[in-house]
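Notes for the structure review
Residue strings, one per chain:
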Amino acid sequence: MTYEICQAENRMQTRKKNFSVLGFGCMRLPKKGTGFDFDECEREIMHAVKCGVNYFDTAYIYGGNEELLGRVLEKNNVRSKVNIATKIPHYYIHSLKDIEKYFDISLSRLRTDYIDNLLIHMLPDTDVWNRLKSYGIEKWIEDKKKSGKIRNIGFSFHGNSPAFIELLDAYPWDFCQCQYNYLDENTQAGRKGVEHAAALGIPVVIMEPLRGGRMVNALPPKAKKLFRENIPGWKIADAENAENAGRTADAENAENAGRTADAENAENAGRTADAENA
């Protein structure tokens, strides 16, 4: 989160379904000793809320994350101002009762009676989706949406493009979530997967846009230098124009300096000749 974002009318731009452009991932919340640093977590979460972030992502298996997020939102009375995205663990599910069980646990931890965005966590392929269908998950989703306990249903993904595309085609998802950044255009769901989702009109939530910060903190020095020198808000063409303008100015200055030097030399030479003649 940057200071500048907070200055723009204290609100952040939103996308489809009124989700903020930037979301807040809770998987890497700050720790203190063996647990979470609650005060620092609260400060960061509430700072994000005040800056207009309204999408908070967590999961059943993010040890303690759901509980902490629920505590912060309840304590500060901001549940209605944010969208909670959490994930149910298909790898623990072996019946319809299991689906209900893990969903109810998440509701309790998050101190809420509804989930804005429910995802099937790390759904790998249509084989697993078909197994969940055999338990009756489609009817379960329908009932939960009718009751208002789920607003949107989706899945998170870590496989390859073909598997991602098959899953997109397998159900009328409200949204999906995949890893995507300039290093992952041809891995994970990839550009092909993201473009297929767009063609189907399925919103995509991007995770790991900076690979957990490694694309900032672990960049080689040359790459960091390039980013530092690329002034935010400038296009490449602007930078090139500025560089060309600088070169032109330098050339003009050099030319002018040359003319001045020539004039001075000529004047001095004239004075010397006059003195010698005298």
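Fair warning: this is a prediction, and the values are worked out from it, not measured in the lab.

Considering the packing of aromatic side chains
For any two aromatic rings, the description comes down to two numbers: the centre-to-centre distance and the angle of the planes. For the structure on display, the rule yields 14 aromatic pairs. Here the aromatic rings of Tyr60 and Tyr92 are separated by 6.3 Å at their centres, their planes lie at 80 degrees, and the arrangement is edge-to-face. Here Tyr60, found in the loop between strand E4 (55-57) and helix H3 (65-75), pairs with Tyr92, found in the loop between strand E5 (83-88) and helix H4 (96-110); they are 32 residues apart in sequence, far enough to count as distant. In this structure an aromatic cluster arises from ring pairing among Trp129, Phe155, Phe157, Phe164, Tyr171 and Trp173. Over the ring of Phe36 we find Lys31, and its NZ or CZ is 5.1 Å from the ring centre. If you follow Arg151 out to its NZ or CZ, it ends over the ring of Tyr114, 4.0 Å from the centre.

A closer look at unusual backbone geometry
Backbone geometry places Arg111, a non-glycine residue, at a positive phi of 55 degrees. Within the secondary structure, Arg111 is located in the loop between H4 and strand E6 (115-120). Notably, Arg211 is not glycine yet its phi reads approximately 50 degrees, a positive angle. The residue Arg211 is located in the loop between strand E9 (204-207) and helix H9 (214-217) in this model.

Quick word on the sheet that holds strand E7 (residues 150-157)
Judged by pairing direction, the sheet is parallel, and its 7 strands sit side by side in the order E1-E4-E5-E6-E7-E8-E9 without closing on themselves. One side of each edge strand has no neighbouring strand; the edge strands of this open sheet are strand E1 (24-25) and E9. When strand E8 (residues 176-179) meets E9, the two strands line up parallel, connected through 4 bridges. Residue Gln179 lies in a different strand from E9, and its bridge partner there is Met207. Contacting E5, E6 and E7, H4 runs over the sheet at an angle of about 145 degrees to E5. Taken strand by strand, helix H7 (residues 161-170) contacts E7 and E8, and its axis lies near 160 degrees from that of E7.

Observations concerning H7
Among all positions of H7, only Ser161, Ala163, Phe164, Leu167 and Leu168 are buried. Buried residues of H7 fall within an arc of 165 degrees about the axis and therefore sit on the same side. Residue Asn160 occupies the N-cap position of H7, its side-chain oxygen lying 3.0 Å from the main-chain nitrogen of Ala163.

Section: the confidence of the model for the protein
Where the model shows low pLDDT, its predicted coordinates should not be examined in detail. Counting all residues, the mean pLDDT for the protein is 84, and 77% of those residues have values of 70 or more. Contacts from residues 1-11, a stretch scored under 50 in pLDDT, to residues over four places away or in other chains number 16 contacts. Low pLDDT (under 50) marks residues 234-278, which in the prediction has 2 contacts with non-local residues, meaning those over four places away or in another chain.

Side note on the nonpolar core
Grouped together as the largest cluster of nonpolar side chains are 52 residues, with contacts concentrated most on Phe56, Leu123, Trp129, Phe155 and Trp173. For this core, the element with the most residues is helix H2 (residues 38-50), which contributes 6 residues. What Phe155 contacts, discounting residues up to four positions off in sequence, is Leu119, Ile120, Leu123, Phe164, Leu167, Leu168, Trp173, Phe175, Cys176 and Gln177. Within the second largest apolar cluster, 6 residues are counted, among which are Tyr55, Ala85, Leu119 and Phe175.

Topic: the environment of Gly190
Inspection of the secondary structure assignment puts Gly190 in helix H8 (residues 190-200). Residue Gly190 is classed as buried on the basis of its relative accessible area, which comes to 0%. Residues in contact with Gly190, not counting those within four places in the same chain, are Ser161, Tyr180, Asp184 and Glu185.

About the thresholds
Residues numbered from 1 in each chain as written. Predicted model: local features only at pLDDT ≥ 70, side-chain atom pairs only at ≥ 80, totals over all residues. Heavy atoms only, no water. Phe/Tyr/Trp six-rings, centres within 6.5 Å; stacked < 30°, edge-to-face > 60°. Helix = DSSP H or I, 4+ residues; strand = E, 2+ residues; numbered from the N terminus. Lys NZ or Arg CZ within 6 Å of the ring centre and 35° of its normal. Pairing = 2+ DSSP bridges. Contact = heavy atoms within 4.5 Å. Axes fitted to C-alpha atoms, helices over the stretch in contact; angles between N-to-C directions. Buried < 20%, exposed > 50% of the residue type's maximum accessible area, 1.4 Å probe, protein only. Arc of directions from axis to C-beta. Polar contact = N/O pair within 3.5 Å; in protein donor to acceptor, adjacent residues only side chain to side chain. pLDDT = per-residue confidence, 0-100. Core = buried A, V, L, I, M, F, W, Y, C linked by side-chain atoms within 4.5 Å.

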